[in-house]
Amino acid sequence: MDKSGTYIPIDLMTIQPETVVGCDLYLETGVDNKIRYVLYSSATSIIKSSKIEELRKYDVRKLFIRSEDKKKYLQYTESNLKNIIRDKNTDIKVKAEIVYEVAKGIMFDVFAQPRSREQLERTKVWTTNIVEFALRHENFFTNIVNLISYDYTTYSHSVNVSIYGLFFAMYLKFDSKELHVLTTGLLLHDIGKTQIEHEILNKRGKLTKDEFERIKMHVELGVEMIIQSGCFESIAVIPVIQHHEKCNGTGYPKGLRGEMLHKYGKLAGIVDVYDALTTRRSYAFAQSPFPALRVMSDEMRGSFDVDLFKHFVLFLGSNKVK
């Protein structure tokens, strides 16, 4: 069969010994100048350690799955995420890709079912795994930042903001508990947008005053949803309630200024705007980091905590973000 998007590659290192993947696995072969896919393991088969070692022996690094099985594969990697990121044989770039793809899958489901306790609990497990991994591997950010999606969706933006926020907070020496709470809040900072009409969220032209007022409601709607879920510590809502506040008091929903903002809120405001500027949207091209930072510094003067913004610039520079 020709390779025409029917099959997609997965890294052998993501397959854990003595597990059931839940979808058929294929080997890619070339016969008569044609690429074909041969069934290697069925969806219900246990993948033995000996089989993985045999593939490595023959330098097989990729297996293939049918494209329609991608969600099943992501469910598998999510349920095995802790083991994958702890596996010493797995390359850090592969781990970064799995962490990012799993997060996007979780947030896609969260935004589809935002009041589902089951979906929200998945965000907590992911946060625990990424914080643990990030604390063990300081160079993790340079691997995962290259994977960040620059085409905007609400769920990918949520993942991006949580990743920028986590590693910036690590740069600032936040402790482990703070990293967990902050990352969770950032991951869910826009969950209230699930309650806003798509016509308004996706409008290409300028919003009317009434439409903008409706958009602004996503902050308090998000806080309400998180509190009602009963899944999270109350402090986790700070990045949600304050990510649109500005240090000069011109933000919303409460018009807080200066030290009235919590450090989580100040940080959330910076990483939220940065990702928005560096992501391509229907009405704007993605900007490169330096122009985006210049916009934040010059055109948004007064919006951000001056010292924290300087540290953010240094953080990006120290990681050579391009």
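Here the structure is a predicted model, which means the values were calculated and not measured. (Residues numbered from 1 in each chain as written. Predicted model: local features only at pLDDT ≥ 70, side-chain atom pairs only at ≥ 80, totals over all residues. Heavy atoms only, no water.)

Visitor: Give a detailed account of the packing of aromatic side chains, specifying residues and quantitative values.
Guide: Throughout the structure, instances matching the rule amount to 19 aromatic pairs. Between Phe140 and Phe167, the aromatic rings sit 5.6 Å apart at their centres with planes inclined by 65°, giving edge-to-face as the arrangement. Of this pair, Phe140 sits in helix α6 (residues 140–144) while Phe167 sits in helix α7 (residues 154–171), and the two are 27 residues apart along the sequence. Taken individually, Phe140 and Phe167 each receive the classification buried, so the pair is uniform in this respect. Linked through ring pairs, Phe133, Phe140, Phe141, Tyr164, Phe167, Phe168, Tyr171, Tyr274, Phe312 and Phe315 together constitute an aromatic cluster. Taking the ring centre of Phe232 as reference, the NZ or CZ of Lys124 above it sits at 5.9 Å. The cationic tip of Lys263 hangs over the ring face of Phe174; the distance from NZ or CZ to the ring centre is 4.4 Å. (Phe/Tyr/Trp six-rings, centres within 6.5 Å; stacked < 30°, edge-to-face > 60°. Helix = DSSP H or I, 4+ residues; strand = E, 2+ residues; numbered from the N terminus. Buried < 20%, exposed > 50% of the residue type's maximum accessible area, 1.4 Å probe, protein only. Lys NZ or Arg CZ within 6 Å of the ring centre and 35° of its normal.)

Visitor: Kindly report on helix α4 (residues 92–112), identifying the contributing residues and their values.
Guide: An α-helical segment advances 3.6 residues per turn. Residues three or four places apart therefore align on the same side. The terminal C-alpha atoms of α4, which comprises 21 residues, lie 30 Å apart, in line with the 30 Å expected from a rise of 1.5 Å per residue. A side-chain oxygen of the first residue of α4 lies 2.8 Å from the backbone nitrogen of Lys93; this N-cap is Asp91. (Expected span 1.5 Å × (residues − 1). Polar contact = N/O pair within 3.5 Å; in protein donor to acceptor, adjacent residues only side chain to side chain.)

Visitor: So what about the nonpolar core? Which residues, and what values?
Guide: Of all hydrophobic cores here, the largest spans 88 residues; its most connected members are Trp126, Phe140 and Phe167. Tallying contributions element by element places α4 first for this core, with twelve residues. Sequence-distant contacts of Trp126, that is, excluding residues within four places in its chain, are made with Leu81, Val99, Val102, Ala103, Ile106, Ser162, Ile163, Thr183 and Leu187. (Core = buried A, V, L, I, M, F, W, Y, C linked by side-chain atoms within 4.5 Å. Contact = heavy atoms within 4.5 Å.)

Visitor: Please set out the side chain of Asp190 residue by residue, giving values where relevant.
Guide: Structurally, Asp190 can be placed in the loop between α8 (176–187) and α9 (198–201). Overall, Asp190 belongs to the buried group, its relative accessible area being 2%. A distance of 3.3 Å separates the side chain of Asp190 from the side chain of His218, its partner in a polar contact. Apart from residues lying up to four places away in sequence, Asp190 is in contact with Phe111, Tyr152, Thr154, His157, Ser158, His218 and His243.

Visitor: Now, about helix α13 (residues 289–299): what can you tell me, with residues and values included?
Guide: Taken as a whole, α13 has its buried residues at Pro289, Ala292, Leu293, Val295 and Met296. The buried residues of α13 occupy an angular sector of 155° when projected down its axis, which confines them to one face. Every exposed residue of α13 that faces more than 90 degrees away from the buried side is listed here: Phe290 and Glu299. In this structure, the buried residues of α13 make contact with α12 (263–277) and α14 (306–318). (Arc of directions from axis to C-beta.)

Visitor: I'd like a rundown of the pattern of salt bridges, residues and numbers included.
Guide: In this structure the tally under the stated criterion is 22 salt bridges. Its salt-bridge partner being Lys71, residue Asp109 comes within 3.2 Å of it at the nearest N-O pair. With Asp109 in helix α4 and Lys71 in helix α2 (residues 70–79), this pair connects stretches of sequence that are 38 residues apart. We classify Lys71 as partly exposed; its relative accessible area is 45%. Arg117 is the partner of Glu121 in a salt bridge, and the nearest nitrogen-oxygen pair spans 3.6 Å. Linking Glu121 with Arg117, this pair stays in helix α5 (residues 117–136), spanning four residues, or about one helical turn. (Salt bridge = Lys/Arg side-chain N within 4 Å of Asp/Glu carboxyl O.)

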